Amino acid sequence: MSRAHNSLQESPSRWPTVAFAALAVLVIATSAHAEDWPQWRGIHRDATWSETGLLQSFPPEGLKVLWRVPVGVGFSSPCIVQGKVYVTDSQVTRTNARENVHCLDAATGKPIWTHTYDVVYPEYGTDPDHPFGPVATPVIADGKVYTLGRVSNLLCLDASTGRMLWHNDLPKQYETKDDLRGPNSSPIVESNLVIIAIAKSPQVSIVAFNKDSGRQVWEALDEIPSNTSPIVIDSAGRRQLIVWAYKSVAALDPATGKIIWRQDVPIWGNYAVPTPVWKDDLLLMSGLMLKLNRDKPGASILWPDELRPLRIYVSDTSTPLLQDGVVFSPTRKGELLCLDAITGKQLWQTNGVSESSSGASIHMTAVPSIRAALLFTDRGDLILSRLSAAGYQDLGRFHLLEPTADYGQRKMAWTPPAYANRCVFARNDKELVCASLAAGPGNRRVK
């Protein structure tokens, strides 16, 4: 069963009436130089937010929260395009499960449309106390929304209306009852293709579909996927789809899936999570730095000297930041390291970002216009910071939302936020929050 509707009148308790300040609408609707956040890690998939007119420090009274609305379970980040927010979640009971794609007004949080479809989760994913939900972040391109659900439903929806344009139930199409690994990896649109990581077979871990018809175009890479999301780079005169899979980092021709070059990496039991990071002729996979050939497609290892798993898989949750010749790298223990990008030599370390000693996440976004970075932690804190080879400076922090994801005896906020319209958009398993980061008078917290 699937449907799209233009209001949420069927479930009024999920979207209670909220009195929104007129200023909230004004801030978003009139933001000059507004930049969309249409996919995982932003417009260029590089965790860089290029808007101007932003706060250069947090006010003592905290950020102004423009709105909060309820959402269900999910680890997918929100996306923001042309004044609309797109986010996915699930509704789970012991007897049935549904996944939802929501479209909201970015200025007010009010619902515009919701597309709902039935899914069949494994039994352990239907416990209402610990339910499954979507993990992959949508991608919005050319007026369409592409989502990959927790059990490998690949959807294409009209971004304005929520009308379903096509739907690939991949386990059904591939005639398998096996868990198709890959739904933790966010899809990417390249030219006329939408590309996903998925364990179709031992010989296939990445598949490309025509983005207008949903027809499969190519499949590639003879290993199972990891939890990382692919990126596309321009190097040595070629477009290259960079895929960090279970046992290798590979560059593929995004048009055909043909392997251009491939570098073996040690196998790690938990699989890779951080997204590859590209800057000029450097390609970083967590703790592995490759140097890209400038004349002929290929890569060589810069560091580390020994390809041991603990040296490469620095974080289970977070992607490093590469800028100004240095790497800022979160660790699984909640530390933040600064490394020389060419040698890998550690320049400094701080334990002052995350309170967690395991399962920690620090999601970093560069903000060039104010020469700063925004860090979002597993505690639900947003930190404005200055990062450089000289050290770490905390310019302010604000508790944006509560951690809700189970991790042993603790609760965590693992989902990376999105940034657009001079605002931050963050979610947990209960709510989606929008707070203003716009400079100017009156940036006071709305209680």
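Here is a short report on the structure shown in this document. Because the structure is a prediction, the values reported are computed rather than measured. (Residues numbered from 1 in each chain as written. Predicted model: local features only at pLDDT ≥ 70, side-chain atom pairs only at ≥ 80, totals over all residues. Heavy atoms only, no water.)

Concerning the sheet that holds strand 29 (residues 381-388)
Okay, so step 1: Read from one edge to the other, the open sheet built from four strands follows the order 27-28-29-30, with strand pairing classed as antiparallel. Taken across any chain shown, the strands that pair with only one partner, and hence form the sheet edges, are strand 27 (362-367) and strand 30 (391-399). The sheet shows a mean angle of 25° between the axes of neighbouring strands, taken without regard to direction.
Okay, so step 2: The pairing of strand 28 (residues 372-377) with strand 29 spans four bridges and is classified as antiparallel. Opposite A373, over in strand 29, you have S385 as the bridge partner. (Pairing = 2+ DSSP bridges. Helix = DSSP H or I, 4+ residues; strand = E, 2+ residues; numbered from the N terminus. Axes fitted to C-alpha atoms, helices over the stretch in contact; angles between N-to-C directions.)

Observations regarding the packing of aromatic side chains
Okay, so step 1: A full pass over the atoms with the stated rule returns 11 aromatic pairs.
Okay, so step 2: An angle of 55° between the planes, with centres 6.1 Å apart, marks the rings of W67 and F425 as tilted. In this pair, W67 is assigned in strand 2 (residues 65-70) and F425 in strand 34 (residues 423-427), connecting sequence segments 358 residues apart. Both residues of the pair, W67 and F425, belong to the buried class. (Phe/Tyr/Trp six-rings, centres within 6.5 Å; stacked < 30°, edge-to-face > 60°. Buried < 20%, exposed > 50% of the residue type's maximum accessible area, 1.4 Å probe, protein only.)

Considerations on the pattern of salt bridges
Okay, so step 1: This model, assessed by the stated rule, comprises 19 salt bridges.
Okay, so step 2: For R332, the salt bridge identified is with D316, shortest N-O distance 3.6 Å. In this pair, R332 sits in the loop between strand 24 (326-330) and strand 25 (336-340) while D316 sits in the loop between helix 3 (309-312) and strand 23 (321-323), placing the two residues 16 residues apart along the sequence.
Okay, so step 3: With relative accessibility at 29%, the residue D316 sits in the partly exposed group.
Okay, so step 4: For the salt bridge of D394 with R397, the shortest nitrogen-to-oxygen distance reads 2.9 Å.
Okay, so step 5: Judged by relative accessible area, D394 falls into the partly exposed class, the value being 34%.
Okay, so step 6: Judged by its relative accessible area of 37%, R397 is partly exposed.
Okay, so step 7: Salt bridges sharing common partners tie together D142, K144, K211 and D212. (Salt bridge = Lys/Arg side-chain N within 4 Å of Asp/Glu carboxyl O.)

Let's talk about the nonpolar core
Okay, so step 1: Counting 40 residues, the largest nonpolar core has F58, L374, L382, L400, F425 and L437 as its most contacted members.
Okay, so step 2: For this core, the secondary-structure elements that each account for two or more residues are strand 2, strand 4 (84-92), strand 28, strand 29, strand 30, strand 33 (418-420), strand 34 and strand 35 (431-436).
Okay, so step 3: With residues up to four places along the chain from it excluded, the contact list for L382 reads F58, L63, L374, L375, F376, G396, R397, F398, Y419, V424 and L437. (Core = buried A, V, L, I, M, F, W, Y, C linked by side-chain atoms within 4.5 Å. Contact = heavy atoms within 4.5 Å.)

Some details on the sheet that holds strand 26 (residues 346-350)
Okay, so step 1: An order of 23-24-25-26 is seen for the four strands of this open sheet, with the pairing classed as antiparallel. The sheet is open, and its two borders are formed by strand 23 and strand 26, each paired with just one other strand. The sheet shows a mean angle of 15° between the axes of neighbouring strands, direction not considered.

Description of the side chain of K144
Okay, so step 1: Within the secondary structure layout, K144 lies in strand 8 (residues 144-148).
Okay, so step 2: Setting aside residues up to four positions removed in sequence, K144 forms contacts with V139, C156, L157, A159, L165, K211 and D212.

Remarks on the environment of G53
Okay, so step 1: Within the secondary structure, G53 is located in the loop between helix 1 (22-29) and strand 2.
Okay, so step 2: For G53 and I370, which are 317 residues apart along the polypeptide, the C-alpha to C-alpha distance reads 8.7 Å.
Okay, so step 3: Sequence-distant contacts of G53, that is, excluding residues within four places in its chain, are made with R422, L437, A438 and A439.

Quick notes on the pairing of strand 9 (residues 153-158)
Okay, so step 1: With six of its six residues buried, strand 9 lies for the most part within the structure.
Okay, so step 2: When strand 8 meets strand 9, the two strands line up antiparallel, connected through five bridges. Bridge pairing links V145 to L157 in strand 9.
Okay, so step 3: Between strand 8 and strand 9, which pair antiparallel in sequence order, lie four residues; one of them, S152, sits at a positive phi of approximately 70°.

Quick notes on the state of the cysteines
Okay, so step 1: All chains considered together, the criterion is met by zero disulfides.
Okay, so step 2: Residue C423 stays outside any disulfide, its sulfur separated by 4.0 Å from that of C434, the closest cysteine.
Okay, so step 3: Looking at C423, the relative accessible area reads 0%, which means it is buried. (Disulfide = S-S within 2.5 Å.)

Considering unusual backbone geometry
Okay, so step 1: Residue P304 is reached from W303 by a cis peptide bond, and omega for that bond is 10°.
Okay, so step 2: In this fold, P304 is placed in the loop between strand 22 (299-303) and helix 3.
Okay, so step 3: One non-glycine residue, R41, lies in the positive phi region at around 65°.
Okay, so step 4: Relative to the elements of secondary structure, R41 occurs in the loop between helix 1 and strand 2.
Okay, so step 5: Here R41 falls in the buried class, since its relative accessible area comes to 10%.
Okay, so step 6: Notably, S286 is not glycine yet its phi reads approximately 55°, a positive angle.
Okay, so step 7: Note on placement: S286 falls in the loop between strand 20 (282-285) and strand 21 (288-292).

So, the pairing of strand 14 (residues 216-220)
Okay, so step 1: Note that strand 13 (residues 204-210) and strand 14 share four bridges and pair antiparallel. In the sheet register, A208 faces strand 14, and the bridge partner there is W218.

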